[in-house]
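Examining the three-dimensional arrangement
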Amino acid sequence: DLKKAKDPEAEKERTLLNIVRTGLEHGQPIRGLSLPPVEEKAVRSFAFLSQKPLLHMINCDEQDLPLIETPEKILPKRKTGPPVLAFCGRIEAEIAELQGEERTTFLAEYGLKELSAARFFRELPGVLGMVSFFTIGKNETRAWMVPRDAAAGQAAGAIHSDIERGFIRAEVIGWDKLVELGSLQTAKDRGALRLEGKEY
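Residues numbered from 1 in each chain as written. Predicted model: local features only at pLDDT ≥ 70, side-chain atom pairs only at ≥ 80, totals over all residues. Heavy atoms only, no water.

1. Here's the deal with the side chain of Glu-196
Rules: Only DSSP runs of H or I covering at least 4 residues are called helices, and only runs of E covering at least 2 are called strands; the numbering of each starts at the N terminus. Nitrogen and oxygen atoms within 3.5 Å of one another constitute a polar contact, given that in protein one can donate a hydrogen and the other can accept it, and given that sequence-neighbouring residues count only through two side-chain atoms. By the convention used here, residues are in contact when the closest approach between their heavy atoms is within 4.5 Å.
Tracing the chain through its elements places Glu-196 in strand β6 (residues 194-197). One polar contact links Glu-196 to Arg-194, side chain to side chain, over a distance of 2.8 Å. When residues no more than four places from it in sequence are discounted, the contact partners of Glu-196 are Phe-167, Ile-168, Arg-169, Ala-170 and Val-172.

Pasting the structure below:
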């Protein structure tokens, strides 16, 4: 009997792929289909390019340098969509060969605050749906990446699975507040740290 021979998992996959195909035929990338997490994970195993996060990097001509700080002016107005960054590859290649004060001088001469790599790496966690958190120890400060909605216990697991199992609470402070106060000890002395549990 044909009905008995059907594989329910294969049927689910076929249904899901038909949803994806319909979206693609209407010009909608997979990343824009708002699939439930389980289905999104199933589609991810196919490694479709239109499911990958997207970030536009526009290589501008030297005459367009003023637009680098406001790249949204280069593309037509959009309400939503992937982030846009701009750079001038020729000028950045020249500046990248310089060191120290020379580099700073040339950046200022061209009206640039920084090279595009710094902007790219600042934007990247948001594009990937990730956030950074830092751990501060006696001899080391380290950055870790976790999904944007990860609970504190899951973040502890990014460091080590044993820490996730034994996680009770963490002392937390925003990086900008820590920079403002100057040190972790000063933050402790001023009561700027707060305790957060597993669900934070």
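2. As for the state of the cysteines
Counted only if it meets this: A pair of cysteine sulfur atoms is labelled a disulfide when the two atoms are within 2.5 Å.
Following the criterion strictly, the structure yields 0 disulfides and no others. Sulfur of Cys-60: no disulfide; nearest cysteine sulfur belongs to Cys-88 and is 7.2 Å away.

3. Here we look at helix α6 (residues 116-127)
This is how it is decided: The span one expects for a helix is its residue count, reduced by one, times 1.5 Å. Accessibility here uses a 1.4 Å probe with only protein chains present; expressed as a share of the type maximum, an area under 20% marks a residue as buried, one over 50% as exposed, and anything in between as partly exposed.
Taking 1.5 Å per residue, 12 residues should reach 16 Å; α6 reaches 16 Å between its end C-alpha atoms and fits that length. Among all positions in α6, only Ser-116, Arg-119, Pro-125 and Val-127 are buried. Of the surrounding elements, those touching the buried residues of α6 are β1 (56-59), β2 (84-87), α4 (89-96), β3 (130-136) and β4 (141-147). Once α6 finishes, Gly-129 follows within two positions and takes phi at roughly 70°, a positive value.

4. Points about unusual backbone geometry
Look at Ser-34: it is not a glycine, yet its phi comes out positive at around 55°. Within the element layout of this structure, Ser-34 appears in the loop between α2 (8-25) and α3 (37-44). With a phi angle near 55°, Ala-47 is a residue other than glycine that sits in the positive phi range. Structurally, Ala-47 can be placed in the loop between α3 and β1.

5. Thoughts on the confidence of the model for the protein
As a reminder of what qualifies: pLDDT runs from 0 to 100 and stands for how confident the predictor is about each residue.
On average, residues of the protein score 86 in pLDDT, and 95% of them are at 70 or above. Across the protein, element-level confidence peaks in helix α10 (residues 184-189) with a mean pLDDT of 92 and bottoms out in helix α1 (residues 2-5) with 50.

6. Focus: the nonpolar core
This is how it is decided: Put simply, a nonpolar core is a bunch of buried Ala, Val, Leu, Ile, Met, Phe, Trp, Tyr and Cys residues held in one set by side-chain atoms that sit within 4.5 Å of each other.
Within the largest apolar cluster, 12 residues are counted, these being Ile-58, Cys-60, Leu-65, Ile-68, Val-84, Ala-86, Cys-88, Ile-91, Ile-95, Leu-107, Leu-112 and Leu-115. Residue assignment for this core shows that the elements contributing at least two residues are β2 and α4. Excluding residues within four positions of it along the chain, Leu-115 makes contact with Glu-92, Ile-95, Arg-103 and Leu-107. Leu-16, Val-20, Ile-30 and Leu-33 belong to the second-largest nonpolar core, a separate cluster that totals 6 residues.

7. Description of the environment of Gly-197
Mapped onto the fold, Gly-197 is located in strand β6. Gly-197 gets classed as partly exposed once you look at its relative accessible area, which sits at 31%. The contact partners of Gly-197, leaving out residues within four places of it in the chain, are Ala-152, Phe-167, Ile-168 and Arg-169.

8. So, the pattern of salt bridges
Test applied: Every case where a carboxyl oxygen of Asp or Glu lies within 4 Å of a side-chain nitrogen of Lys or Arg is listed as a salt bridge.
Tallying each qualifying case throughout the model produces 10 salt bridges. Across the pair Glu-40 and Arg-44 runs a salt bridge, and its minimum N-O distance is 2.6 Å. Of the two residues, Glu-40 and Arg-44 both sit in helix α3, 4 residues apart, roughly one turn of that helix. Its relative accessible area of 45% is what places Arg-44 among the partly exposed residues. Ionic contacts of the salt-bridge type, sharing partners, join the residues Glu-62, Arg-90 and Glu-94 into one network.

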